[in-house]
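A structural walkthrough
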Amino acid sequence: MPIVRKRQIEILAQLSGEELNQFLGALPAHQYDFEDLFDYLEDKLEREPCNHSLRFSMQFMMENRLNFAKMSAWLQENGGFCDCKVLEQIVPYWRKAFES
Ligand SMILES: [Zn+2]
């Protein structure tokens, strides 16, 4: 039987402060870089539909000189296969963990 692994992002809200710090330490960019990315994506996708690639994410990472390879790998591991999936699959969990 294949084991369905939960995406790391799904358990985020259940982590303790210490575990959250470890989570943040293992991220390929700073917490605030991710949060700026999420705001940027919300803004962009309000005006233009997602073309089901990570094009706006890529734009943001290029403009901010972030590590696109590592960040996009992390996004995809957590279900963010395109810009709208990042907002749908990652952002709600993230905000639940960090903004409550
Ligand atoms: Zn999409």
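Scroll up a little and you will see the structure.
Anyway, here's the lowdown on the structure attached to this text. (Residues numbered from 1 in each chain as written. Predicted model: local features only at pLDDT ≥ 70, side-chain atom pairs only at ≥ 80, totals over all residues.)

Each pair of packed helices can be summarised by the angle the axes make with each other and by the distance between the axes. Their axes nearest at 10 Å, the elements helix H2 (residues 31-47) and helix H5 (residues 83-98) cross at an angle of 135°. When the axes of H2 and H5 are compared, the pair comes out oblique. At the point where H2 passes H5, the crossing takes the left-handed sense. Of the residues in H5, those touching H2 at Phe38, Leu41, Glu42 and Leu45 are Asp83, Cys84, Val86, Leu87, Val91 and Trp94. Within the contact of H2 with H5, the residues separate by chemical class into eight nonpolar, no polar and two charged. (Axes fitted to C-alpha atoms, helices over the stretch in contact; angles between N-to-C directions. Helix = DSSP H or I, 4+ residues; strand = E, 2+ residues; numbered from the N terminus. Parallel < 35°, antiparallel > 145°, perpendicular 65-115°, else oblique. Left-handed = near helix turned anticlockwise from the far one by under 90°. Contact = placed C-beta atoms within 7 Å. Nonpolar A, V, L, I, M, F, W, Y, C, P; charged D, E, K, R; others polar.)

With that settled, the discussion passes to the packing of H2 against helix H3 (residues 55-63). At a minimum axis separation of 10 Å, H2 and H3 run at an interaxial angle of 130°. As summarised for this structure, H2 and H3 are arranged oblique, according to the angle between their axes. As H2 packs across H3, the resulting crossing turns out to be right-handed. On the side of H2, the interface is formed by Leu37, Tyr40, Leu41 and Lys44, while H3 contributes Phe56, Ser57 and Phe60. Among the residues making up the contact of H2 with H3, the classes are represented as five nonpolar, one polar and one charged.

The next thing to look at is the environment of Asp36. With respect to the helices and strands, Asp36 occurs in helix H2. Expressed as a C-alpha distance, the spacing of Asp36 and Phe60, which sit 24 residues apart in the sequence, is 8.9 Å.

The phi angle at His52 is positive, at roughly 60°, despite the residue not being glycine. With respect to the helices and strands, His52 occurs in the loop between H2 and H3. Phi at Arg65 is positive, roughly 50°, even though this residue is not glycine. On the secondary structure map, Arg65 appears in the loop between H3 and helix H4 (68-77).

Right, let's talk about the environment of Glu63 for a bit. Residue position: Glu63 is located in helix H3. The exposure class of Glu63 is exposed, given the 9 C-beta atoms found within 10 Å. With 21 residues separating them along the chain, Glu63 and Cys84 place their C-alpha atoms 19 Å apart. (Buried ≥ 20, exposed ≤ 12 C-beta atoms within 10 Å, placed from the backbone.)

Another point: the nonpolar core. Membership of the largest hydrophobic core comes to 14 residues, with the highest contact counts inside it found for Leu75, Val86 and Ile90. Elements with a minimum of two residues in this core: H2, H3, H4 and H5. Non-local contacts of Ile90, meaning those with residues more than four positions away in its chain, are made with Ile9, Leu75, Asn78, Gly79 and Gly80. (Core = buried A, V, L, I, M, F, W, Y, C linked by C-beta atoms within 7 Å.)

Don't take any of this as a statement about function, it's just geometry.
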